[in-house]
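# Fold and contact review
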Amino acid sequence: QVQLVESGGGLVQPGGSLRLSCAASGSIFSINTMGWFRQAPGKEREFAASIRWGRGVTYYADSVKGRFTISRDNAKNTVYLQMNSLKPEDTAVYYCAAALRPIAAMSNPRSYDYWGQGTQVTVSS
């Protein structure tokens, strides 16, 4: 079992920045990949970024590439999502997810085994 707890969401003006955190606990040794997804009202859950837990290889959706950065701190069992140059269309609930097996379809939510409860990010003036 893996438990994931997100934090760091909030209200920010367009062009601003936020850093989300996802603290993992439980069977940490079994995690292969961590990902961040987001879901806006009335829309499907959308991939934002992911990172291989071991080698740190990262992947990004085109919509966030160049603005968001995913990173991990293995000592703290925590994954971060640094979000810069935020836009109103980035408004969503952001979810952290963990996959226990090597996955090819990074952007498919079904590839992930565990999910956090989500944290709200609102970009508005």
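Residues numbered from 1 in each chain as written. Predicted model: local features only at pLDDT ≥ 70, side-chain atom pairs only at ≥ 80, totals over all residues. Heavy atoms only, no water.

## As for the state of the cysteines
Following the criterion strictly, the structure yields 1 disulfide and no others. Bridging Cys22 to Cys96, the disulfide has an S-S length of 2.0 Å. Every disulfide takes its handedness from the sign of the S-S torsion; for Cys22 and Cys96 that torsion is -75°, giving left-handed. Within this pair, whereas Cys22 is found in strand S3 (residues 18-26), its partner Cys96 is found in strand S9 (residues 92-99), the two being separated by 74 residues in sequence. For the pair shown, Cys22 and Cys96 are each scored as buried. (Disulfide = S-S within 2.5 Å. Helix = DSSP H or I, 4+ residues; strand = E, 2+ residues; numbered from the N terminus. Buried < 20%, exposed > 50% of the residue type's maximum accessible area, 1.4 Å probe, protein only.)

## A word on the sheet that holds strand S1 (residues 2-7)
The 4 strands are arranged S1-S3-S8-S7 in an open sheet whose pairing can be described as antiparallel. Edge positions in the sheet fall to S1 and strand S7 (68-73), since each of these pairs with one other strand and no more. For this sheet, the mean angle separating the axes of adjacent strands, direction not counted, is 20°. As paired strands, S3 and strand S8 (residues 78-83) are joined by 6 bridges and run antiparallel to one another. What sits directly across from Ala23, in S8, is Thr78. (Pairing = 2+ DSSP bridges. Axes fitted to C-alpha atoms, helices over the stretch in contact; angles between N-to-C directions.)

## Let's talk about unusual backbone geometry
One non-glycine residue with positive phi stands out, namely Asn77, at about 55°. By the secondary structure assignment, Asn77 is in the loop between S7 and S8. At Ser85, a position not held by glycine, the phi torsion is positive, near 50°. Positionally, Ser85 belongs in the loop between S8 and S9. Judged by relative accessible area, Ser85 falls into the partly exposed class, the value being 41%.

## Structural notes on the pattern of salt bridges
With the rule as written, the count across this model stands at 5 salt bridges. Here Lys65 ties to Asp62 by a salt bridge, and the two come within 3.3 Å at their closest N and O atoms. Judged by its relative accessible area of 66%, Asp62 is exposed. Residues joined in a network through salt bridges with shared partners are Arg38, Glu46, Arg67 and Asp90. (Salt bridge = Lys/Arg side-chain N within 4 Å of Asp/Glu carboxyl O.)

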